[in-house]
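Summary of the model geometry
Letter by letter, the chains look like this.
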Amino acid sequence: MQIIKRFLSSALAAVMIIYGNYTARAAGADEEYVIPEDSESAYSANISKARDISQAPLTEQDHPDTRTTRIDIPAISGDHDFVIHFAASIRKVEKQLMADNRIVLDFSTAVNGLEDQYNVDDPVVQRIRTGQLNAETARVVFDLKVGASFTVSLSEDRRSLTVRFIKNTITRVYFHGEGNTDIIEITGEYCPILSITPVVGTNQIMVDMPISTMAHPARYITDMNFVKIVHASQSDINTARLALESYGMAGISVEYIGNTVILRLSPSTYSNIYYTGDKTLSLKKDPNYPISANDLLREDHYASGRFVFILPGQYNGWLGWGEYYINDEFLNGVIIETGGDGATRLVFEQKRVLAYNFWEDAEYIYIKPVHPKEKYDKIVILDPGHGGNAPGAAANGLVEKNLNLDVCNRLINLIERDGRVKVYATRITDRNVDLYDRPVWASDIGDIFISVHMNAMGGGNTWSNGAEVYWYPHSNDSRLGYSSRDMAEIFQRNLVNDLGTRDLGIKSNRFVVIKDTTIPAILCEIGFLTNPAEAARLGTASFRQSTAESLYGSISEVFAAYTPQR
């Protein structure tokens, strides 16, 4: 049994490919990869959970090496079979369904011959990404828009693998009340997976079921306490829908049992708070205890998908409590809670990194989520390389991921203390973040991108030392009027001069985090952990602080020369 309170509020996971321990980067070695743990978070929205209903196991057989050659993507809207082809029979397939609805397929003794990414026009699949996990393993990842039931199967000759998203038929809709809670049970050939969206400004709630057919469309007038009309219909060829009309906004919970999903709705616990069609939260002022917009304290927990406004005092009697459920492209909802300090918190559950404008009039305080680039003129994205179960290089008692994070957190403090530039980081704790998500995320919200690493050499080489900065040319350099190479030259010069380190120069490389960005991006190698003298310096807090100060100076110099072109 799986119970999802307040509509599928679940921990998210990063899965794709992330670079781990490496050696001889200066000699041109590619990144090596590890699989992020399922418990680690990424920058994604909460989504309904996919379900693997495959019957046959993916057995292993002894076959020679092969390669992936192509993917057949459905061209017909009613077809949901994705077929991966191999040049010869595949030896072994491993599959994982990750917590954020990514299907990860690893093909042993196979070389990847596919394109890096396929954007897909499909009701379930958003895109397909591919890569070489290591020298012997090719990887294919399906990023899903919504949850759906699926199977994974090999052909008899093992030269193709099919990922099939199962068409469902909704056979029964039954509703009844228990106390002040209305219950709607939805049964299908397979257990329906729900995507729930309140219609802003109305008392309607849309309950969609992807790649499903409603067997008995009908409109029901109920005698329940909260929901007054249930309209079962076919929203489009791929989507069955229940449109619910209620007497007010609802608290929502979902439970999956066998082939039935149970949706419970109850009157909301909040009041005097409204989310309007222009994506503005209106907070009515309590006439007995009025507050000003300037009284609101703010905490940006973007790494965990939350932004918090803190009201000085207990307003649960006026605002209520619980979650104001939204589920639009910006927000899952807003949680109203009172902490032990006596303050009231409005916790915005974000589907992406957001900034907020807020203002007031005589009756209301208004809070509006906006894209960070709408609020801030200059945004830098910091990327502490590795993290979590991807430690990076390790030598002379030092582990790279820890040094990268320490330098970046020191740099964050310097930037925030200055206040002229907004800073975000791909991670601020010891966690593993999807390698391919980092540049996409950075390009969406940032103006420049800086990845921080420590270098290492293999083969017993303990003499290599110095700093180097990597860059990669982007097709939009001319439009931006500023290139990654321009930025690399500034950072390299300052690292050498400020730290008194050997100058290894700037170099171009296809590292994913700088290749896949669409903003000026660099990867800084501060020094070699495998060099005892350099490791001794890197191991001191004072040297890492000096490194952060050098990077801070370079960021200021870049923005003095570069006005972001968005």
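The present account deals with the structure reproduced in this document. Just so we're clear, the structure is a prediction, and the values are computed from it rather than from any experiment.

Here we look at the sheet that holds strand E22 (residues 239–246)
The five strands lie next to each other as E17-E18-E22-E21-E20, forming an open sheet whose pairing is antiparallel. Strands with a single pairing partner mark the edges of an open sheet, and in this sheet they are strand E17 (195–198) and strand E20 (218–221). Here the strands of the sheet are splayed against their neighbours by 15° on average, with no regard to which way each runs. Here strand E21 (residues 227–236) runs beside E22; their pairing, made up of eight bridges, is antiparallel. Its bridge partner lying in E22, aspartate 236 is registered against threonine 239.

Details of the packing of aromatic side chains
Scanning the model with the defined rule gives 19 aromatic pairs in all. The interplanar angle of 80° and the centroid separation of 5.7 Å between the aromatic rings of phenylalanine 82 and phenylalanine 142 together place this pair among those described as edge-to-face. Here phenylalanine 82, found in strand E6 (residues 81–86), pairs with phenylalanine 142, found in strand E12 (residues 137–144); they are 60 residues apart in sequence, far enough to count as distant. The exposure class of phenylalanine 82 is buried, given its relative accessible area of 0%. By relative accessible area, which is 0% here, phenylalanine 142 ends up buried. When the ring of phenylalanine 307 is compared with that of tyrosine 356, the centres are 4.4 Å apart and the planes differ by 40°; the resulting orientation is tilted. A residue pair is termed long-range when its members are at least 10 positions apart, and phenylalanine 307 in strand E28 (residues 306–311) and tyrosine 356 in strand E32 (residues 355–360) qualify at 49 residues. For the residue pair phenylalanine 307 and tyrosine 356, the accessibility class agrees, reading buried in each case. An aromatic cluster of three or more residues is present, and its members are Phe307, Phe309, Phe348, Tyr356 and Phe358. Residue placement shows arginine 51 over the ring face of tyrosine 256; its charged tip is 5.3 Å from the ring centre. Over the aromatic face of tyrosine 424 sits the side chain of lysine 422, whose NZ or CZ is 5.0 Å from the ring centroid.

Brief notes about the packing of helix H3 (residues 400–418) against helix H9 (residues 541–561)
Following both chains from N to C, one finds H3 and H9 inclined at 50°, their axes separated by 8 Å at the closest point. As the angle between them shows, H3 and H9 are arranged oblique. The crossing of H3 and H9 is right-handed. For the pair H3 and H9, the contacting residues are Leu403, Asp406, Val407, Arg410, Leu411, Leu414, Ile415 and Asp418 in the first and Ala541, Arg544, Gln545, Thr547, Ala548, Glu549, Leu551, Tyr552 and Ile555 in the second. For the contact of H3 with H9, a count of residues per class yields ten nonpolar, two polar and five charged.

Remarks on the side chain of histidine 80
When you line up the elements, histidine 80 lands in the loop between strand E5 (66–72) and E6. In this structure histidine 80 comes out as buried when scored by relative accessible area, which is 3%. Apart from residues lying up to four places away in sequence, histidine 80 is in contact with Pro74, Asp122, Pro123, Val163, Arg164, Phe165, Lys167, Ile211 and Asn238.

Details of the sheet that holds strand E41 (residues 521–528)
Taken together, six strands build an open sheet; the order of strands is E37-E34-E38-E41-E39-E40 and the sheet is mixed. Bordering the open sheet on either side are strand E37 (422–425) and strand E40 (503–508), each of which pairs with just one other strand. Averaged over all adjacent pairs, the angle separating strand axes in this sheet is 20°, with direction ignored. The pairing of strand E39 (residues 467–471) with E41 spans four bridges and is classified as antiparallel. Paired with valine 469 across the strands is cysteine 524, a residue of E41.

Some points on unusual backbone geometry
The backbone of lysine 279 shows a phi angle near 65°, a positive value even though the residue is not glycine. With respect to the secondary-structure elements, lysine 279 resides in the loop between strand E25 (273–275) and strand E26 (281–284). The phi torsion at histidine 386 lies on the positive side, around 65°, for a residue other than glycine. Structurally, histidine 386 can be placed in the loop between strand E34 (379–384) and strand E35 (394–395).

Details of the environment of arginine 164
Along the chain, the position of arginine 164 falls in strand E14 (residues 160–165). Here the alpha-carbon distance between arginine 164 and leucine 265, two residues 101 residues apart in the chain, equals 32 Å. Those residues in contact with arginine 164, other than ones at most four positions away along the chain, are His80, Asp81, Ser149, Phe150 and Thr151. Among the polar contacts made by the side chain of arginine 164, one reaches the side chain of aspartate 81 at a distance of 2.7 Å.

Quick look at the pattern of salt bridges
Across all of its chains, the model carries 34 salt bridges by this definition. For arginine 102, the salt bridge identified is with aspartate 434, shortest N-O distance 2.7 Å. Taken as a pair, arginine 102 in strand E8 (residues 102–108) and aspartate 434 in the loop between E37 and helix H4 (437–445) lie far apart in primary sequence, 332 residues in all. Both residues of the pair, arginine 102 and aspartate 434, count as buried. Glutamate 468 is the partner of lysine 507 in a salt bridge, and the nearest nitrogen-oxygen pair spans 2.8 Å. Of the two residues, lysine 507 is situated in strand E40 and glutamate 468 in strand E39; the sequence distance between them amounts to 39 residues.

Some remarks on the packing of helix H6 (residues 484–499) against H9
In helix packing, the relevant descriptors are the interaxial angle and the interaxial distance, both defined with respect to the helix axes. At a minimum axis distance of 9 Å, the contact between H6 and H9 shows a crossing angle of 145°. Between H6 and H9 lies a crossing whose hand is right-handed. Judged by residue contacts, Met487, Ile490, Phe491, Arg493, Asn494, Leu495, Asp498 and Leu499 of H6 engage Phe543, Ser546, Thr547, Ser550, Leu551, Gly553, Ser554, Ile555, Glu557 and Val558 from H9. Tallied by class, the residues present in the contact of H6 with H9 amount to nine nonpolar, six polar and three charged.

Points about the state of the cysteines
Summed over the entire model, instances satisfying the criterion amount to zero disulfides. Take cysteine 524: it sits in no disulfide, and the sulfur closest to it among the cysteines is that of cysteine 408, at 9.1 Å. Of the residues examined, cysteine 524 reaches a relative accessible area of 0% and is grouped as buried.

Side note on H9
Helix length check: H9, at 21 residues, gives a terminal C-alpha distance of 31 Å against a target of 30 Å (1.5 Å per residue), a fit within 8%. Turning to H9, its buried residues are Phe543, Arg544, Thr547, Ala548, Ser550, Leu551, Ser554, Ile555, Val558 and Phe559. Down the axis of H9, the buried side of the element spans an arc of 165°, and every buried residue falls inside it. What points out from H9, more than 90 degrees from its buried face, is the exposed set Ser542 and Ala560. On its buried face, H9 sits against E34, H3, strand E38 (448–455), H6, E41 and helix H8 (532–538).

Reading guide: rules and limits
- Residues numbered from 1 in each chain as written.
- Predicted model: local features only at pLDDT ≥ 70, side-chain atom pairs only at ≥ 80, totals over all residues.
- Heavy atoms only, no water.
- Pairing = 2+ DSSP bridges.
- Helix = DSSP H or I, 4+ residues; strand = E, 2+ residues; numbered from the N terminus.
- Axes fitted to C-alpha atoms, helices over the stretch in contact; angles between N-to-C directions.
- Phe/Tyr/Trp six-rings, centres within 6.5 Å; stacked < 30°, edge-to-face > 60°.
- Buried < 20%, exposed > 50% of the residue type's maximum accessible area, 1.4 Å probe, protein only.
- Lys NZ or Arg CZ within 6 Å of the ring centre and 35° of its normal.
- Parallel < 35°, antiparallel > 145°, perpendicular 65-115°, else oblique.
- Left-handed = near helix turned anticlockwise from the far one by under 90°.
- Contact = heavy atoms within 4.5 Å.
- Nonpolar A, V, L, I, M, F, W, Y, C, P; charged D, E, K, R; others polar.
- Polar contact = N/O pair within 3.5 Å; in protein donor to acceptor, adjacent residues only side chain to side chain.
- Salt bridge = Lys/Arg side-chain N within 4 Å of Asp/Glu carboxyl O.
- Disulfide = S-S within 2.5 Å.
- Expected span 1.5 Å × (residues − 1).
- Arc of directions from axis to C-beta.

Geometric values such as these leave the question of function open.
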